[in-house]
Amino acid sequence: MNKTETIEKNAIIVNKYLNSKLHGTPKTLYDAASHLIIHGGKRLRPFMVINSCKMLGGNVSAAISAASAVEMIHNFTLVHDDIMDNDEMRHGVPTVHKKFGMPVAILAGDVLFSKAYQIISNSKLPNNATIQLVSKLAKACVDVCEGQLLDMKMAEEKRIPSQTEYITMIGKKTAALFDVSCSMGAICATNNLKDISNLSKFGRNLGIAFQITDDLIGVMGNPEITKKPVGNDLREGKKSLPILLAIKSASGKDKKIILNEFGNPKATKSDLNEAVNIIRALGIEENVRNQALKYAKVAKKSLSKYSGSAKTELIDLLDFVVKRSL
């Protein structure tokens, strides 16, 4: 079974559980809450919860509540992100606020957030594990909110942020949910603090590597794969690592061309292609790939003492994330 098939098999289990929890009246509210869930998503975070648990001797039934809770929180963030960005499409379908209206979308996000804690509280895990799960997930939610605001502030400011500021931002906005996915999976299997810490480190570094690679794809990705125009993040003025490095590395005419297309909604396809070709010639892809691999190496080291098929699944996911093609 290849990596995609393994992820899909896991997603089927999680989807079944999610569907069993996201129903009720008024029906419209639950239709809105489950809208993005039923229309896509690889369920990477639940995959990490379940395999972190299994690696430490647990099983799917012990992890399924936590895995589904993390996915609900992830979808809660998507609903609210789409509202803040006024995006109209996600997973090839209208966003929740476009399909159901703004008030219902806000309530749908609130339901997802609340249901996540409800299903953890109702799980059959020991009380001390439940308390830890709630605490970990709550902190991750705070981190995601802080990271989102840091991202918004970066977008508003004219200055180009430092690489350290970028890593801090994605460490909260993206990596926090990867971190908590692995640490919650560990908690479902053990109360050993060192094991929980090791899985937390793995998830955090995987999350950073994931976002760095994702941002590379956002600038230089093949439109046939990304379903977005070439140089989309450049046009939108996204202050991602590849763009920060390109602006820092370029000089003279090349730098001027990049800056002219950066945050320019009127940039033509030809202009963007020229800017992306300059970024490519600067060796930005290799630089960014190497940085993602650096975080991947730290992630792998945190699992060095473990063995078994679940560990292999986690390492395979890490390699899949970092080596994604453009």
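Above this note sits the structure.
Residues numbered from 1 in each chain as written. Predicted model: local features only at pLDDT ≥ 70, side-chain atom pairs only at ≥ 80, totals over all residues. Heavy atoms only, no water.

**Q** It is not clear to me how the overall build of the chain should be interpreted in this structure. Could you clarify?
**A** Within the chain, the secondary structure is distributed over 17 helices and two strands. Whereas a compact globule of 326 residues would reach a radius of gyration of roughly 20 Å, the chain reaches 20 Å, a difference of no more than 12%. Each principal axis of the C-alpha distribution contributes one length, and for the chain these read about 65 × 50 × 35 Å. With an accessible surface of roughly 15,400 Å², the chain has 53% of that area assigned to carbon and sulfur atoms. If you average the places of the 45 positive and of the 32 negative side-chain charges in the chain, the two averages end up 5 Å apart. (Helix = DSSP H or I, 4+ residues; strand = E, 2+ residues; numbered from the N terminus. Rg over C-alpha atoms; globule rule 2.2 N^0.38 Å. Areas by Shrake-Rupley, 256 points an atom, 1.4 Å probe, with all protein chains shown as cover. Lys, Arg positive; Asp, Glu negative; His and termini not counted. Charge placed at Lys NZ, Arg CZ, Asp CG, Glu CD.)

**Q** Mind showing me how you'd approach the environment of I160 here?
**A** Within the secondary structure layout, I160 lies in the loop between α7 (127–156) and α8 (163–173). In the structure, I160 is positioned 83 residues away from I243 in sequence and 9.5 Å away in space, judged by C-alpha atoms. If we skip the residues at most four places from it in the chain, I160 touches L244, I247 and F262. (Contact = heavy atoms within 4.5 Å.)

**Q** Teacher, can you tell me more about helix α15 (residues 269–281) here?
**A** An α-helical turn contains 3.6 residues, so a residue and the one three or four places further along point in the same direction. Compared with the 18 Å implied by 1.5 Å per residue over 13 residues, the 18 Å span of α15 between its first and last C-alpha is a close match. Of all the positions in α15, only L272, A275, V276, I278 and I279 are classed as buried. One side of α15 carries all its buried residues, which in axial view fall inside an arc of 155°. Across from the buried face of α15, at angles greater than 90 degrees, the exposed residues are K269, S270 and A281. Buried residues belonging to α15 abut α10 (193–220), α12 (232–235), α13 (241–249), α14 (252–261) and α16 (284–301). One or two positions beyond α15, positive phi appears at G283, with a value near 80°. (Expected span 1.5 Å × (residues − 1). Buried < 20%, exposed > 50% of the residue type's maximum accessible area, 1.4 Å probe, protein only. Arc of directions from axis to C-beta.)

**Q** What am I meant to see in the packing of helix α3 (residues 44–55) against helix α9 (residues 175–187) here?
**A** When two helices pack together, their arrangement is given by the angle between the helix axes and by the axis-to-axis distance. Where α3 contacts α9, the two axes come as close as 7 Å, and the packing angle between them is 30°. On the basis of the axis angle, α3 is roughly parallel to α9. Relative to α9, α3 is oriented so that their crossing is right-handed. Contact residues: R45, M48, V49, S52 and C53 in α3; L177, F178, S181, C182, G185 and A186 in α9. When the residues that make up the contact of α3 with α9 are grouped by side-chain class, the tally is seven nonpolar, three polar and one charged. (Axes fitted to C-alpha atoms, helices over the stretch in contact; angles between N-to-C directions. Parallel < 35°, antiparallel > 145°, perpendicular 65-115°, else oblique. Left-handed = near helix turned anticlockwise from the far one by under 90°. Nonpolar A, V, L, I, M, F, W, Y, C, P; charged D, E, K, R; others polar.)

**Q** Before we go on, may I ask you to explain α3 in this structure?
**A** Taking 1.5 Å of rise per residue, the twelve residues of α3 would be expected to cover 16 Å, and the 16 Å separating its terminal C-alpha atoms lies within 8% of that figure. Taking burial as the measure, the twelve residues of α3 include eleven buried ones, the bulk of the element. For α3, every residue scored as buried is listed here: L44, R45, P46, F47, M48, V49, I50, N51, S52, C53 and M55. G57 sits one or two residues past α3 and shows a positive phi near 100°.

**Q** Teacher, can you tell me more about a nonpolar patch on the surface here?
**A** Judged by side-chain polarity, M84, L149 and M152 come together as a nonpolar surface patch covering roughly 260 Å² of accessible area. Mapping M152 onto the fold places it in helix α7. The exposure class assigned to M152 is partly exposed, which follows from its relative accessible area of 32%. (Patch = residues over 30% accessible without salt bridge, like charges linked within 9 Å, V, L, I, M, F, W, Y side chains within 5 Å. Salt bridge = Lys/Arg side-chain N within 4 Å of Asp/Glu carboxyl O.)

**Q** How do you make sense of the packing of aromatic side chains when you look at a structure like this?
**A** According to the stated counting rule, one finds three aromatic pairs in the structure shown. Centre to centre, the rings of F113 and Y117 are 5.3 Å apart; their planes meet at 55°, and the pair counts as tilted. Of the two residues, F113 and Y117 are both situated in helix α6 (residues 102–121); the distance of four residues between them amounts to about one turn of the helix. Over the aromatic face of F100 sits the side chain of K99, whose NZ or CZ is 5.7 Å from the ring centroid. The positively charged end of R324 is found above the aromatic ring belonging to F210, 4.7 Å away from the centroid. (Phe/Tyr/Trp six-rings, centres within 6.5 Å; stacked < 30°, edge-to-face > 60°. Lys NZ or Arg CZ within 6 Å of the ring centre and 35° of its normal.)

**Q** Where do I start with the side chain of N198 in this structure?
**A** By secondary structure assignment, the location of N198 is in helix α10. Looking at N198, the relative accessible area reads 7%, which means it is buried. There is a polar contact of 3.0 Å between the side chain of N198 and the side chain of Y306. Filtering out sequence-adjacent residues up to four positions away, N198 remains in contact with S302, K305 and Y306. (Polar contact = N/O pair within 3.5 Å; in protein donor to acceptor, adjacent residues only side chain to side chain.)

**Q** Just checking my understanding: could you explain the pattern of salt bridges for this structure?
**A** Close approach of charged atoms allows side chains with opposite charge to pair. Within the structure shown, the criterion is met by 16 salt bridges. For D215, the salt bridge goes to K238, with nearest N and O atoms at 3.2 Å. Pair noted here: D215 is in helix α10 and K238 is in the loop between α12 and α13, with a separation of 23 residues, a long-range link. With its nearest N and O atoms 3.7 Å apart, the salt bridge here joins R289 to E285. Of the two residues, R289 and E285 both sit in helix α16, four residues apart, roughly one turn of that helix. On the basis of relative accessibility, which here comes to 17%, the residue R289 falls in the buried class. Overlapping salt bridges, with partners in common, bring together K139, D143, E146 and K172 in one network.

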